[in-house]
Amino acid sequence: MANVSTTTTSTSTRSSGEVIGRYEAGNSASRHLNGSAVLQALRVKAQQWFRNLIVIVAFLALWEIAPRTGLVDNTFFPPLSTVLKAWWQLLLSGDLAEHTEASLSRSLGGFLLALVVSVPIGLAIGWWKPVAAYLNPLLEVMRNTAPLAILPVFILLLGLGETSKISIVFYACFFPLLLNTISGVKNVDPLLIKSAKSMGLSNIALFRKVIIPAAIPTIFIGIRQSGAASILVLVAAEMVGAKSGLGYLIQYTQFSFQIPEMYAGILSISVIGLILNYVILSIERKLTAWRQTYGD
């Protein structure tokens, strides 16, 4: 009996040891797999960054080399280093900050005003048919009118001050936001709506918990389009009637034949547009994190 007991204990000990060994081996393998997955993700990220940057670096290198080698006339297309030097001088003098502040205040003012007005109207048109029946005819007429085509009207009615510039930015941003908001509401999955109704949600709760979250990705497409439009239209408006702003800076330096400074203003607009797009994308990712959670 003692031998049997000893044998049983020994067998039990070995079995426990094997189980622990397998468990530790499994943990080690799991850690190894997790580490491999992290490395693979970092490798993919690095490749994406390389693909994104290689074309930009090549373009900037061409910008520097082409004027210096005579491929283009450096009087009208100066090297990048000359443009960056002019940009730095504008920054040190305070002119760039002054014009940038003027443009950003107008652009953001019109953009935010359009956001506050167009998204609620778009949600109402997309969800309630009577509202769409009354507003659609007028909106169809107005949305096919180019913002810059009616810029003289804004100037005649509102003058050359800040009001006309903010108004033209508002007009340019309004319709991309409105149309994408309407599209986002109308394209919500009907099965999702039926499922929510079957759970006893009221119309208000359905609108707040289902319709708006499902429409957010499409709404952000309109926000990005409006963000780009707010800068482009404003620059054109500042070229027509303004005494400050990046559009005015570009036109003034062109007339004064300060070509590097002109390109410095253009480069500043490109950087501002890039930063604005990145900020909007970051906000969109935070507000639509549920899409990644559910594998959308």
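Residues numbered from 1 in each chain as written. Predicted model: local features only at pLDDT ≥ 70, side-chain atom pairs only at ≥ 80, totals over all residues. Heavy atoms only, no water.

Considerations on unusual backbone geometry
Alright, step 1. One non-glycine residue with positive phi stands out, namely phenylalanine 257, at about 60 degrees.
Alright, step 2. Within the secondary structure, phenylalanine 257 is located in the loop between helix H9 (246-255) and helix H10 (259-287). (Helix = DSSP H or I, 4+ residues; strand = E, 2+ residues; numbered from the N terminus.)

A short note on the packing of helix H2 (residues 80-93) against H10
Alright, step 1. Across the interface, H2 lies against H10 with an axial gap of 8 Å and an inter-helix angle of 80 degrees. Relative to H10, the element H2 is oriented roughly perpendicular. On H10, the residues touching Thr82, Val83, Leu84, Ala86, Trp87 and Leu90 of H2 are Pro260, Glu261, Tyr263, Ala264, Leu267 and Ser268.
Alright, step 2. Considering only residue class, the contact of H2 with H10 consists of 9 nonpolar, 2 polar and 1 charged. (Axes fitted to C-alpha atoms, helices over the stretch in contact; angles between N-to-C directions. Parallel < 35°, antiparallel > 145°, perpendicular 65-115°, else oblique. Contact = heavy atoms within 4.5 Å. Nonpolar A, V, L, I, M, F, W, Y, C, P; charged D, E, K, R; others polar.)

A look at the packing of aromatic side chains
Alright, step 1. Inspection of every chain in the model, using the stated rule, returns 12 aromatic pairs.
Alright, step 2. With a centroid separation of 6.0 Å and an interplanar angle of 45 degrees, the aromatic rings of tryptophan 127 and phenylalanine 207 are classed as tilted. Here phenylalanine 207 lies in helix H8 (residues 203-240) and tryptophan 127 lies in helix H3 (residues 95-127), a separation of 80 residues in the sequence.
Alright, step 3. Classification of tryptophan 127 as partly exposed rests on a relative accessible area of 23%.
Alright, step 4. An angle of 90 degrees between the planes, with centres 5.0 Å apart, marks the rings of phenylalanine 174 and phenylalanine 175 as edge-to-face. Exposure class is identical for phenylalanine 174 and phenylalanine 175. Each is buried. (Phe/Tyr/Trp six-rings, centres within 6.5 Å; stacked < 30°, edge-to-face > 60°. Buried < 20%, exposed > 50% of the residue type's maximum accessible area, 1.4 Å probe, protein only.)

Remarks on the UniProt feature "transmembrane region" (unreviewed entry) in the chain
Alright, step 1. Summarizing the sequence annotation, UniProt attributes the feature "transmembrane region" (unreviewed entry) to residues 108-129, 141-160, 166-185, 206-223, 229-250 and 262-281 in the numbering used throughout.
Alright, step 2. Between the end C-alpha atoms of residues 108-129 there is a gap of 32 Å, over a span that is 95% helix and 0% strand.
Alright, step 3. The distance from the first to the last C-alpha atom of residues 206-223 is 24 Å, and the span holds 100% helix and 0% strand. (UniProt positions renumbered as here; feature names shortened; annotations may be inferred.)

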